[in-house]
Structures are given as structure tokens and as C-alpha cells.
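Each chain, written out:
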Amino acid sequence: MLVGLLASVILSGCHHKEAEHTEEEEKPQLVLTNPIQQDTLVSREYVCQIRSCRNIEVRALERGYLEGVFVKEGQLVKEGDPMFKIMPLVYQAELKSAEAEAQVAKVEFENTKRLTENKVVSDKELAMAKAKYDAKMAEVNLAQAHLGFTNINAPFPGLMDRLRLRNGSLVDEGDLLTTLSDNSEMWVYFNVPEAEYLDYMTQPQPEERKKVQLVMANGKTFNQPGRLNVIEAEFNNQTGTIPFRADFPNPDRLLRHGETGNIRMQKMVRGAILVPQKATFEILDHHYVYVVGKDEIIKQERIHVVEEVEDLFIVSSGVTTGDRIIFEGVLQARDGDKASDYKTVGAAEAFKNLKIKAE
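Residues numbered from 1 in each chain as written. Predicted model: local features only at pLDDT ≥ 70, side-chain atom pairs only at ≥ 80, totals over all residues. Heavy atoms only, no water.

(A) View of the nonpolar core. Counting 21 residues, the largest nonpolar core has Phe190, Leu214, Leu228, Phe244, Phe248 and Ile263 as the members making the most contacts within it. Those elements that place two or more of their residues in this core are strand S2 (36-59), strand S9 (176-193), helix H4 (194-202), strand S10 (211-216), strand S12 (241-249) and strand S13 (260-276). By size, the runner-up hydrophobic cluster in this structure holds 16 residues, among which are Ala60, Met83, Ala154 and Val171. (Core = buried A, V, L, I, M, F, W, Y, C linked by side-chain atoms within 4.5 Å. Buried < 20%, exposed > 50% of the residue type's maximum accessible area, 1.4 Å probe, protein only. Helix = DSSP H or I, 4+ residues; strand = E, 2+ residues; numbered from the N terminus.)

(B) The arrangement of the packing of aromatic side chains in detail. In total, this model carries 9 aromatic pairs according to the counting rule given. On the numbers, 5.7 Å between centres and 45 degrees between planes, the contact of phenylalanine 190 with phenylalanine 244 is tilted. Taken together, the positions of phenylalanine 190 in strand S9 and phenylalanine 244 in strand S12 put the pair 54 residues apart, joining distant regions of the chain. Using a relative accessible area of 1% as the deciding quantity, one classes phenylalanine 190 as buried. Judged by centre distance (6.2 Å) and plane angle (65 degrees), the rings of phenylalanine 222 and phenylalanine 248 are edge-to-face. Of this pair, phenylalanine 222 sits in the loop between S10 and strand S11 (226-231) while phenylalanine 248 sits in strand S12, and the two are 26 residues apart along the sequence. (Phe/Tyr/Trp six-rings, centres within 6.5 Å; stacked < 30°, edge-to-face > 60°.)

(C) Spatial organisation of the sheet that holds strand S5 (residues 82-86). Taken in spatial order, the 4 strands of this open sheet run S6-S5-S3-S8, and their pairing is antiparallel. Two strands in the sheet have a free side with no partner beyond their single neighbour: strand S6 (151-153) and strand S8 (170-171). Bridge count between strand S3 (residues 64-69) and S8: 2 bridges; the pairing is antiparallel. By the bridge assignment for S8, glycine 64 is matched with valine 171. (Pairing = 2+ DSSP bridges.)

(D) Focus on the side chain of serine 169. With respect to the element layout, serine 169 can be found in the loop between strand S7 (158-160) and S8. Here the side chain of serine 169 touches arginine 166 through a polar contact of 2.8 Å, landing on its backbone oxygen. When neighbours within four sequence positions are excluded, serine 169 is seen to be in contact with Gly64, Tyr65 and Leu66. (Polar contact = N/O pair within 3.5 Å; in protein donor to acceptor, adjacent residues only side chain to side chain. Contact = heavy atoms within 4.5 Å.)

(E) Representation of the side chain of aspartate 182. Structurally, aspartate 182 can be placed in strand S9. A polar contact is formed between the side chain of aspartate 182 and the side chain of serine 184, at a distance of 2.9 Å. Dropping the residues within four chain positions of it, aspartate 182 is found in contact with Ser52, Cys53, Arg54, Phe156, Pro157 and Gly158.

(F) Main features of the confidence of the model for the chain. For the chain, the mean per-residue pLDDT works out to 86, and 90% of the residues sit at or above 70. Here residues 1-11 is modelled with pLDDT under 50, and outside its nearest four sequence neighbours on either side it reaches 0 contacts, counting other chains as well. Segment residues 14-25: pLDDT under 50, and 0 contacts once partners within four positions in sequence are set aside and those in other chains are kept. (pLDDT = per-residue confidence, 0-100.)

(G) Broad picture of a nonpolar patch on the surface. A surface patch of nonpolar side chains, about 390 Å² in accessible area, is lined by Tyr65, Met87, Leu89 and Leu170. What makes leucine 89 exposed here is its relative accessible area of 55%. (Patch = residues over 30% accessible without salt bridge, like charges linked within 9 Å, V, L, I, M, F, W, Y side chains within 5 Å. Areas by Shrake-Rupley, 256 points an atom, 1.4 Å probe, with all protein chains shown as cover. Salt bridge = Lys/Arg side-chain N within 4 Å of Asp/Glu carboxyl O.)

(H) The environment of asparagine 118, seen in detail. Along the chain, asparagine 118 turns up in the loop between helix H2 (89-117) and helix H3 (123-148). Expressed as a C-alpha distance, the spacing of asparagine 118 and threonine 260, which sit 142 residues apart in the sequence, is 78 Å.

(I) Spotlight on the pairing of S13. Pairing between S2 and S13: 13 bridges, direction antiparallel. In the sheet register, arginine 44 faces S13, and the bridge partner there is methionine 265. Relative to S13, S10 runs antiparallel, the two being bridged by 4 bridges. If you follow glutamine 213 over to S13, its bridge partner there is arginine 264. One ladder, built from 4 bridges, connects S13 with strand S17 (residues 312-317); its direction is antiparallel. Bridge assignment links leucine 274 to a residue of S17, and that residue is isoleucine 314.

(J) Summary view of the pairing of S5. Pairing geometry for S3 and S5, over 3 bridges, is antiparallel. The partner of glycine 68 across the bridge, within S5, is lysine 85. Note that S5 and S6 share 3 bridges and pair antiparallel. Bridged to phenylalanine 84 within S6 is isoleucine 152.

(K) Main features of H3. The terminal C-alpha atoms of H3, which comprises 26 residues, lie 37 Å apart, in line with the 38 Å expected from a rise of 1.5 Å per residue. The complete set of buried residues in H3 reads Ala129, Tyr133, Lys136, Val140, Ala143 and Leu147. Where H3 is buried, its residues touch H2 and S6. (Expected span 1.5 Å × (residues − 1).)

Structure (C-alpha cells):
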């Protein structure tokens, strides 16, 4: 029995040593690297409003009954296509009346002209007859214009909105019939803060930098690149922003007037200090890294993050390119501990394929 007890104690001790040995083997080795410094393109996103390059209200120019509606809601129309017709009977009658009066005035003018040539009437009477004839012709032209206003045609190619009135409706001058949008090109407006506007204007802007992307409401990127074309003249003093406009071709008519999204544009940060997100951790909304000093002591350092670039942070203070930071094993490190087991990898190797977010 005593022999069995001793054997049990020995086996227990062996298992305990094996467990300790396994834990030591499983403890990961720390990996150190250095931050890098280089010019970096940073993407910024701004909430935007999408507008058609031409979006108009189609309104009645004359009063009357809506006799014809030749378009459907959502229809793509061509320039000159008939859209609406207001009953023209009254305006046709006015035109015929004006033409008849003009004809009478023309006869009187021609008779007066012959009498003037025969010295029967004075030149003054001829001038009065000519003025009367011109006035009647002006009335004819006005009546023709009113009659022409009863036919409403598409002023440009565009997409119909919903119909506001139907056949037989009595319309007044100025009543809204529909809206028409030319969606071949879209104007996208977004507001840029004053500091970022100054950065943009004071840096050289090659043509490639003027290109922007549109992130649509479903999170997908629009398949056409846009170009910055307009910066408005005045700042909004209440928001401290200035409107920019980017123009996007819209060949498939996917974008519609009134949509929203986000504009993604890039800016260059010169001499940016880059730290892998994988090497950072957060405490109370502040970012930190572990720095291993020359004495091999691990020290917790706060960094100030100014930009985020995929798997990297751009920092303004806290570390330099000469510091050794813990790249792998952040969760196992402790402030004040001595880094006894670690290896160092070059920055090029450490930054090569970063896909892991901050621990």
C-alpha cells in the first residue's frame, strides 16, 4: 500500500512538471518592430446630396382643361417629345380674331399708302395707319404664343416624375404638372470643414487627386469615378464648412435626383508616422502601445491617433520610428515587465500584409 502511495505521488509530480513545461512552451514569443514614416494617402468620407444636372418643374403656361397627357410616370422622354396638351379652342379663336383685325389694318394701311403717293393724305396719316397695322400684327404674334403654350413638350431628354394632374383636370396658369430630371450626369454636393479645405487648397492637386468615389446608401461603391469641379464661394459660418461639388457620369441611370450617400476623397499626409492597429490597445477611449526600452523594460505609451488607414493608425505623438513596439503578443505584455523572450522583425516585413484590427 505504501509503495502504491509513493508511486501515485511520483506520477502526480511528473504530471505537474509536464503541465508547467507545456504552459511554458505554449506562451507566445513577443515580436517587436518599429513604426515607419512615409507619405500616405488618407481616405475621407463626407455625407452628400445627389442632384441631377438638370431638374425642372413642368408647369402649365395657360389656363384651361387638360386635354391630353402623352407620357407615363417614370418614362424616359426625348427632347421635343409631347407631354401635355391644354384644350386650345379659346386660344385658336383669339388667334383667328387677331388675324382678322390685322388683315383689316393691313388693307387700311395699303389704301393710305396709295393716297399718300397721290398726295391726297399726309405722311402723318400714313404713319398712323402703319402703327395700327403693326399693333394688330403684335396681337397676332401674342395670340400665336398663347396657342403654342397649350402644347407642352420636353425641353430636354429626361426622366419623368409622377403626374400631378390627369386628363380633364382644370389647370390654372402655373399649376405643377410633373418634374423632369436629366440624369445623364449627376452633381453631388458635400460640405468640407474649413481646415480640410485649407489643406486641399494649399497642396498641389494633380488630376488624379481630383477624382472621388461615391459610396451609395447600400454601402456599395458607384461604378463610375467622379471629379471635383466646383468649390462654392462662401463658408457657412454656423457649421464652419464650405460646399464642394463632384460630377459623376450616370450612363445606366442608376442614380436619381434626391438620393444620398457618402463622397470618398483622398488627401496626402506628408511624413506620416504609421503604427499597426494590431500593435495597439485602448483604455478609456485612448490608444496605447507597449514600447520596449534599451533596458528591455516594457513601458505603456499613449499615442495620439489622427487618421486611420485600413490596418494602420497615423499618429501625431507618442512614438517615433526609433522606438521598438510590441507587434505581436500585446495581450501577454504587462507594463513594467522585462521583455526576456522576444524577436525583432523589420518594419517592411511587419507591415507587409496587415489584416488584423487592434487587439
